[in-house]
Amino acid sequence: MRIDVVTIFPEYLDPLNVSLVGKARARGQLDVHLHDLRGWTTDIHRTVDDTPYGGGPGMVMKPEPWGAALDAVLAQGPEGEVPTLVVPTPSGRPFTQELAQELAGRSWLAFAPARYEGIDRRVIDEAATRMPVVEASIGDYVLAGGEVAVLVMVEAIARLLPGVLGNAESHRDDSFAPGAMADLLEGPVYTKPAEWRGREVPEVLLSGHHGKIARWRREQAFARTLANRPDLVSRWQLGAFDKKEREA
Ligand SMILES: N#Cc1c(-c2ccc3ccn(Cc4ccc(CN5CCCC5)cc4)c3c2)n[nH]c1N
């Protein structure tokens, strides 16, 4: 997968050099290109923003630098291909595991993290005439810009790419991943030592009885989901019900 990121803060994306994403880049599983938006400004002050038409707070990112930057990204990318443009925004569709799975299936993603009050709308509308555009939000809170959202999205997507997670890890039982535990949160996890500060590991986990362990983990996941995300329980129950219906 090729990933391009256009930003006025390329250094904000330094975490893409470490850990899971960094290793995937070193192995050639990810090809990441960072672009400083100011490289496409034409004035001495390298201006990327201006006041909003219609008034209102803050500044808006000018269309010219973004248009030129996206032109350059398309020109530098694989011949005859276009990226999916991912635009982090508070008003976007929720960035969920499902959307991460969808984007993990694309061969080329271009991220456009904005700052200020966002990008002039015409940039997105014009881009949508020549590539798929996904406007997505990582959660119901307000950030100061889109770069941290890019870090979140790239990590969630990268770990789904074949071979990126080692054999010792798996996204099979992730929260929200398809399958028996779909839509349930993870249950508790334990490792050695068996006793720590007077607290013991649940006996069932030491039993070696895989059926009992699996049932215990499902019960724990259900209890945790009921406590922290009751909204997911109804979805899971409906899913489990549908499955029984289909098997009946
Ligand atoms: N993903 C994601 C995000 C973001 C996000 C993503 C990208 C940018 C670019 C700039 N900002 C700052 C900002 C802050 C408030 C507003 C709303 N204003 C109301 C009146 C006019 C706009 C617009 C932008 C961003 C925030 N925040 N939260 C998420 N889950």
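**A word on the domain arrangement of the protein**
Here is step 1: Taken domain by domain, the protein consists of domain 1 (2-158) and domain 2 (172-248).
Here is step 2: Summarising the inter-unit geometry, the C-alpha centres of domain 1 and domain 2 are found 36 Å apart.

**A closer look at the site of the ligand**
Here is step 1: Around the ligand, the structure places 18 residues, and the nearest of them are E117, S137, G139, Y141 and L143.
Here is step 2: Within the backbone of I138, an N or O atom sits 3.5 Å from a nitrogen atom of the ligand.
Here is step 3: In the model, a nitrogen atom of the ligand is placed 2.6 Å from a nitrogen or oxygen of the Y141 main chain.
Here is step 4: Of all the secondary structure elements, the ones that give two or more residues to the shell around the ligand are β5 (84-94) and β7 (133-137).

**Remarks on helix α3 (residues 97-104)**
Here is step 1: Considered for burial, the residues of α3 that qualify are Q97, L99, A100, L103 and A104. Projected down its long axis, α3 carries its buried residues within an arc of 160 degrees, all on one side.
Here is step 2: Looking at the buried side of α3, the elements it contacts are β5, β6 (108-111), β7 and α5 (147-158).

Criteria and cut-off values
Residues numbered from 1 in each chain as written. Predicted model: local features only at pLDDT ≥ 70, side-chain atom pairs only at ≥ 80, totals over all residues. Heavy atoms only, no water. Domains from an automatic or database assignment. Near = heavy atom within 4 Å. Polar contact = N/O pair within 3.5 Å; in protein donor to acceptor, adjacent residues only side chain to side chain. Helix = DSSP H or I, 4+ residues; strand = E, 2+ residues; numbered from the N terminus. Buried < 20%, exposed > 50% of the residue type's maximum accessible area, 1.4 Å probe, protein only. Arc of directions from axis to C-beta. Contact = heavy atoms within 4.5 Å.

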